[in-house]
Amino acid sequence: MQKLRTRLIRTGLAALLAVGGIATSQAVTAQAAENPYERGPAPTVSSIEASRGSYAVSQTTVSSLSVSGFGGGTIYYPTSTADGTFGAVAISPGYTAYQSSIAWLGPRLASQGFVVFTIDTNTTLDQPDSRGRQLLSALDYLTQQSSVRTRIDTSRLGVMGHSMGGGGTLEAAKSRPSLQAAIPLTGWNTDKTWPEIKTPTLVVGADGDTIAPVATHSEPFYSSLPSSLDKAYLELRGATHFTPNSSNTTIAKYSISWLKRFIDNDTRYEQFLCPLPSASTTIAEYRGNCPHTS
């Protein structure tokens, strides 16, 4: 009887251990599969403020003669394919400007693990609604025809733009709700309300902007976005309308965090967005809703 009792106890323990082992294994598998889109090492303040991330970057020029719907541009992308596909971002310049005005964002963002397309518009005088359509045309080209299309996850796309390109960013997000992130930089648009947008949006304004003053552009843009939307408003301190045209650590830091968080669904970057950043020597104001939804 004692031997039978011992055998039953051992069998029960073995069963419990087996179940526990399965549960543990499943938990580890679930954790590993929780976000298959994470790219690059765990972020730090230093890594998101650095002029370059962990990926080596290559680039290719796209002639305006080889595309339709926009004016060509430059594609920046991680050289290695070891980590699989990447999310992608199209970026538009502003009124009268060329892609050179926002070119610094290309390698800066690509080195963090994105395919980035800085575009020229059909004409430098194109208005925001046209720039929005051109951003979408650029994403379509990037994912369907470009030489790097196989490096891109077509479900993980975003848009950015400066000035009227920022206004175009809002137009693009309104037209294509499937976009995962939108970042208008000192945006300009005659339309001030955007309740239709369903794309997580980071609105960046400048306290010294006299062309698109925050009181009549970035602030109403942000305030009109649905309260249920993942959204934030970053107002740069000591900045002008043209601050996004030069390398800027604050713009890069929060743009990288926003793109990582919402295009890559990488919650490792949540720490830089929530709790809300405080006012500082470079930030006049930061508003947003925290915590962000998963």
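Each remark here, short or long, concerns the structure printed above.
How each quantity is defined
Residues numbered from 1 in each chain as written. Predicted model: local features only at pLDDT ≥ 70, side-chain atom pairs only at ≥ 80, totals over all residues. Heavy atoms only, no water. Core = buried A, V, L, I, M, F, W, Y, C linked by side-chain atoms within 4.5 Å. Buried < 20%, exposed > 50% of the residue type's maximum accessible area, 1.4 Å probe, protein only. Helix = DSSP H or I, 4+ residues; strand = E, 2+ residues; numbered from the N terminus. Contact = heavy atoms within 4.5 Å. Phe/Tyr/Trp six-rings, centres within 6.5 Å; stacked < 30°, edge-to-face > 60°. Disulfide = S-S within 2.5 Å. Pairing = 2+ DSSP bridges. Salt bridge = Lys/Arg side-chain N within 4 Å of Asp/Glu carboxyl O. Polar contact = N/O pair within 3.5 Å; in protein donor to acceptor, adjacent residues only side chain to side chain.

Q: For this particular structure, what's the right way to read the nonpolar core?
A: Most often, soluble globular proteins keep nonpolar side chains buried together rather than apart. Counting residues in hydrophobic clusters, the biggest one holds 36 residues, and the most contacted among them are Ile75, Val115, Phe117 and Leu142. Of all the secondary structure elements, the ones that give two or more residues to this core are β2 (73-78), β3 (86-92), β4 (114-119), α4 (128-144), β5 (152-162), α5 (164-175) and α6 (218-224). The biggest single contributor to this core is α4, with six residues. Residues Leu105, Ala110, Met160 and Ile251 belong to the second largest nonpolar core, which totals 35 residues.

Q: Which parts of the structure should I look at to understand the side chain of Asp264?
A: On the secondary structure map, Asp264 appears in the loop between α7 (249-262) and β9 (283-288). Asp264 gets classed as buried once you look at its relative accessible area, which sits at 0%. Sequence-distant contacts of Asp264, defined by excluding residues within four places in its chain, comprise Asn35, Tyr37, Glu38, Arg39, Gly87, Gly113, Phe114, Arg156 and Leu259.

Q: Would you explain the packing of aromatic side chains in this entry?
A: What characterises a pair of aromatic rings is the spacing of the ring centres plus the angle enclosed by the ring planes. Taken as a whole and judged by the stated rule, the model has eight aromatic pairs. Here Tyr55 and Phe86 contribute two aromatic rings whose centre-to-centre distance is 5.4 Å and whose plane-to-plane angle is 90°, an arrangement assigned as edge-to-face. Note that Tyr55 is positioned in the loop between α2 (45-49) and β1 (57-62) and Phe86 in strand β3, a separation of 31 residues in sequence. Here the two residues Tyr55 and Phe86 agree in accessibility, since each one is buried. On the numbers, 4.6 Å between centres and 50° between planes, the contact of Trp258 with Phe262 is tilted. Taken together, the residues Trp258 and Phe262, both in helix α7 and four residues apart, mark about one turn of the helix.

Q: For this particular structure, what's the right way to read the state of the cysteines?
A: Evaluation of the coordinates by the stated rule reveals one disulfide. Cys274 shares a disulfide with Cys290; S-S distance 2.0 Å. As the torsion about the S-S bond is roughly -85°, the Cys274-Cys290 disulfide counts as left-handed. Of this pair, Cys274 sits in the loop between α7 and β9 while Cys290 sits in the segment after β9, and the two are 16 residues apart along the sequence.

Q: What's the story with the pairing of β4 in this structure? I'm lost.
A: Looking along a regular strand, one sees the side chains alternate between the two faces of the sheet. With six of its six residues buried, β4 lies for the most part within the structure. Burial along β4 is two-sided: the residues Phe114, Val116 and Thr118 and Val115, Phe117 and Ile119 are all buried. In the sheet, β2 pairs with β4 via four bridges, with the strands oriented antiparallel. The residue of β4 that forms the bridge with Gly73 is Ile119.

Q: Before we go on, may I ask you to explain the pattern of salt bridges in this structure?
A: Under the counting rule described, the total for this entry stands at 11 salt bridges. A salt bridge links Arg287 to Glu285; the shortest N-O distance between them is 2.6 Å. What makes Arg287 partly exposed here is its relative accessible area of 24%. Taking relative accessible area as the criterion, Glu285 reaches 26% and is therefore assigned partly exposed. Among the ionic contacts, a cluster of salt bridges with common partners joins Asp153, Arg156, Lys260 and Asp264.

Q: In this structure, what is going on with unusual backbone geometry? I would like to understand it.
A: Trans peptide bonds make up most of the peptide bonds, and negative phi angles are found at most residues other than glycine. The omega angle of the peptide bond from Cys274 to Pro275 is -5°, so this bond is cis rather than trans. Of note, Pro275 is situated in the loop between α7 and β9. Its identity is not glycine, yet Thr186 carries a phi of approximately 40°, on the positive side. Tracing the backbone shows Thr186 in the loop between β6 (181-185) and β7 (201-206). Here Thr186 falls in the buried class, since its relative accessible area comes to 1%. Backbone geometry places Asn265, a non-glycine residue, at a positive phi of 55°. Summarising the element assignment, Asn265 is placed in the loop between α7 and β9.

Q: Looking at this model, I keep getting lost on the environment of Ser155. Mind explaining?
A: Turning to its location among the elements, Ser155 is positioned in strand β5. With relative accessibility at 43%, the residue Ser155 sits in the partly exposed group. Residues Ser155 and Ala88, 67 residues apart in the sequence, show an inter-C-alpha distance of 9.3 Å. A distance of 2.7 Å separates polar atoms of two side chains, one belonging to Ser155 and the other to Asp153.

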